[in-house]
Amino acid sequence: MARDAHFDTRAVTHGEGRRRMAAEDVVVPLHLTSTYEIDEIDPDASLEDLDPDAGEYLYSRLSNPTRNALEHRLASLEGGQHAMAFASGTSAIVATVMACVEPGDHVVAFEDLYGGTKTMLSRLFEERLGVDVSFVDARDPQNVASHLSEETTLVWMETPTNPLMRLCDVAAIADLAHDVGAVLGVDNTFASPVLQRPLELGADVVVHSTTKYLNGHSDSLGGAVVTDDACLASEVQFLQQVGMGNVLSPFDSFLTLRGVKTLPLRMERHEANAGAIAEFLAEHPRVTQVHYPGLPSHPQHDLAARQMDGFGGMLSFEVDGGLDDVAAFLGSLSAFPLAVSLGGVESLIEHPATMTHSPLTPEDRAALGITDSLVRVSVGVENVDDLIADLDTGLAALR
Ligand SMILES: *Cc1c(COP(=O)(O)O)cnc(C)c1O
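- Looking at an unreviewed UniProt entry, one finds the protein named Cystathionine gamma-synthase, with Salinigranum rubrum as its source organism.
- In the Cofactor (unreviewed entry) part of its UniProt record, the protein is described as follows: "pyridoxal 5'-phosphate".

Given below as structure tokens:
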């Protein structure tokens, strides 16, 4: 723009433009543009041929350098070729399921899924889109096998699950799903790719709520899909960019890129702290049960040791008492804010029956094993002695 342009023109465009972006950044910058200047019109151009890796950008819903950098990093961590970053874990999951099913198809899903996913599968896919969904106890792969049919196009798993830390055998279920030509999708939010890489175990697609461990600082909502399957990737990408237009913003991509740098360090501390807390709770006379895959008493401890590279930072436990006791316990804690969500550096505690799992009927909660005395903890990276001392004080408040 000419230097002698008018003030109100210079206010809009002076200093903008591609030549200004040649700084040799060491970290990926927050790239906030909605659109990109192109060299010339091209009669043969198609949107699908845009190659962000070659610097070809057109519009930020399609691709954006900050989001693109995050997508590459997440693909690399999960060991896949293709990654797509979404505005939430929920949108990553709905796009993946949408890419795999049509009306009349059948889905087999773990009955112990994240609440929102279970509701999505029932209310959107079953009730509105004519997809048949079987919810099964996938701790035993035979229960998956016995529900698979010719119509099954998708098997949907989470491991470990929320809040009871149940596991499923990804490699065994992958074989079963592939026998009927179905895709196996795994929500890897609880473990993170530090501790578990489902694609290596045979899954076809992995999803994350990056809101949790990947971002790790409780200040961004996001989701991601990673796969090696080029067909599936292009369908998910169509939904991300065009079918839903549901992309992770540059700012959230930037935060998540920054958060992911310390993921391995954080997971180490989350796990060390969770292991110590699980042992403390298991010994405490006012705790009746602890659900943590790292405890040898966990019914699937061997599977966890085989399938995962660590046991993670999530656990749940039952206090000896009813709703009033739980309320007294939670009310007397000071190191554990009472809040949903998980995976941040700060510890959080929540009460599934009245918080995350309150949309379920009491009968459904009972069938899953979610009692009124169950408490879930996302163990942070604080000094573990402070955390244990606080839990000790809380348990002393039980009548
Ligand atoms: C939080 C969560 C989701 C949903 O992700 P959002 O980012 O909240 O949309 C899905 N699966 C699991 C296991 C989760 O913990």
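1. Details of the pairing of strand 4 (residues 152–158)
Thought 1: Burial within strand 4 is extensive, with six of its seven residues counted as buried.
Thought 2: Bridge count for strand 2 (residues 106–110) against strand 4 is four bridges, and the pairing is parallel. From the neighbouring strand, His106 faces strand 4, where its bridge partner is Thr152.
Thought 3: Across five bridges, the pairing between strand 4 and strand 5 (residues 183–187) is parallel. Bridge pairing in strand 5 places Val155 opposite Leu184.
Thought 4: Remark: the strand 4/helix 6 (residues 170–179)/strand 5 crossover connection has right-handed handedness.

2. Let's talk about unusual backbone geometry
Thought 1: Cis geometry is found at the peptide bond from Thr159 to Pro160, where omega equals -10°.
Thought 2: Take Pro160: it is sitting in the loop between strand 4 and helix 6.
Thought 3: Here the bond from Asn162 into Pro163 is cis, since omega is 0°, no more than 30 degrees from zero.
Thought 4: At Met165, a position not held by glycine, the phi torsion is positive, near 55°.
Thought 5: Mapping Met165 onto the fold places it in the loop between strand 4 and helix 6.
Thought 6: By relative accessible area, which is 3% here, Met165 ends up buried.
Thought 7: Unusually for a residue other than glycine, Ser218 sits at a positive phi of about 50°.
Thought 8: Tracing the backbone shows Ser218 in the loop between strand 6 (205–209) and strand 7 (223–227).
Thought 9: A relative accessible area of 45% places Ser218 in the partly exposed class.

3. Quick notes on the site of the ligand
Thought 1: Near the ligand there are 14 residues, and of these Thr90, Asp187, Ser209, Thr211 and Lys212 occur at the shortest range.
Thought 2: For the ligand, an oxygen atom lies 2.9 Å from a polar atom in the backbone of Gly89.
Thought 3: Measuring from an oxygen atom of the ligand, one finds a side-chain N or O atom of Lys212 at 2.8 Å.
Thought 4: Here the ligand has 380 Å² of accessible area as a free molecule, and 93% of this is covered by the chains.
Thought 5: No other element matches the three residues that helix 3 (residues 89–100) contributes to the shell around the ligand.

4. Some remarks on the sheet that holds strand 8 (residues 287–291)
Thought 1: Judged by pairing direction, the sheet is antiparallel, and its four strands sit side by side in the order 8-9-11-10 without closing on themselves. Each end of this open sheet is capped by a strand with a single partner; those strands are strand 8 and strand 10 (348–350). The sheet shows a mean angle of 20° between the axes of neighbouring strands, taken without regard to direction.
Thought 2: Both strand 9 (residues 314–319) and strand 11 (residues 374–378) contribute to a ladder of five bridges, which runs antiparallel. By the bridge assignment for strand 11, Glu318 is matched with Leu374.

5. Description of a nonpolar patch on the surface
Thought 1: Taken together, the side chains of Leu30, Leu32 and Phe251 present a nonpolar region at the surface, about 300 Å² in accessible area.
Thought 2: Structurally, Phe251 can be placed in helix 10 (residues 250–260).

6. Brief notes about a negative patch on the surface
Thought 1: Together, Glu48, Asp49, Asp51, Asp53 and Glu56 give the surface a local cluster of negative charge.
Thought 2: Along the polypeptide, Glu56 turns up in the loop between helix 1 (7–13) and helix 2 (65–78).

7. Remarks on the environment of Ser218
Thought 1: Between the C-alpha atoms of Ser218 and Ser341, which are 123 residues apart in sequence, the distance is 8.1 Å.
Thought 2: Separated by 2.6 Å, the side chains of Ser218 and Glu346 make a polar contact.

8. Considering the domain arrangement of the protein
Thought 1: One can read the domain layout of the protein as domain 1 (79–260) and domain 2 (263–396).
Thought 2: Using C-alpha coordinates to define each centre, domain 1 is positioned 24 Å away from domain 2.
Thought 3: Between domain 1 and domain 2, the contact holds 35 residues from the first and 36 residues from the second.
Thought 4: Contact between domain 1 and domain 2 buries roughly 3,000 Å² in total, counting both sides, with carbon and sulfur atoms accounting for 60%.
Thought 5: For domain 1, the biggest contributors to the area lost against domain 2 are Leu167, Leu195 and Tyr213; these three give 26% of the whole.

What counts and how
Residues numbered from 1 in each chain as written. Predicted model: local features only at pLDDT ≥ 70, side-chain atom pairs only at ≥ 80, totals over all residues. Heavy atoms only, no water. UniProt positions renumbered as here; feature names shortened; annotations may be inferred. Buried < 20%, exposed > 50% of the residue type's maximum accessible area, 1.4 Å probe, protein only. Helix = DSSP H or I, 4+ residues; strand = E, 2+ residues; numbered from the N terminus. Pairing = 2+ DSSP bridges. Right-handed = clockwise from strand over helix to strand, strands pointing away. Near = heavy atom within 4 Å. Polar contact = N/O pair within 3.5 Å; in protein donor to acceptor, adjacent residues only side chain to side chain. Areas by Shrake-Rupley, 256 points an atom, 1.4 Å probe, with all protein chains shown as cover. Axes fitted to C-alpha atoms, helices over the stretch in contact; angles between N-to-C directions. Patch = residues over 30% accessible without salt bridge, like charges linked within 9 Å, V, L, I, M, F, W, Y side chains within 5 Å. Salt bridge = Lys/Arg side-chain N within 4 Å of Asp/Glu carboxyl O. Lys, Arg positive; Asp, Glu negative; His and termini not counted. Charge placed at Lys NZ, Arg CZ, Asp CG, Glu CD. Domains from an automatic or database assignment. Contact = heavy atoms within 4.5 Å. Buried area = accessible area lost by both parts, 1.4 Å probe.

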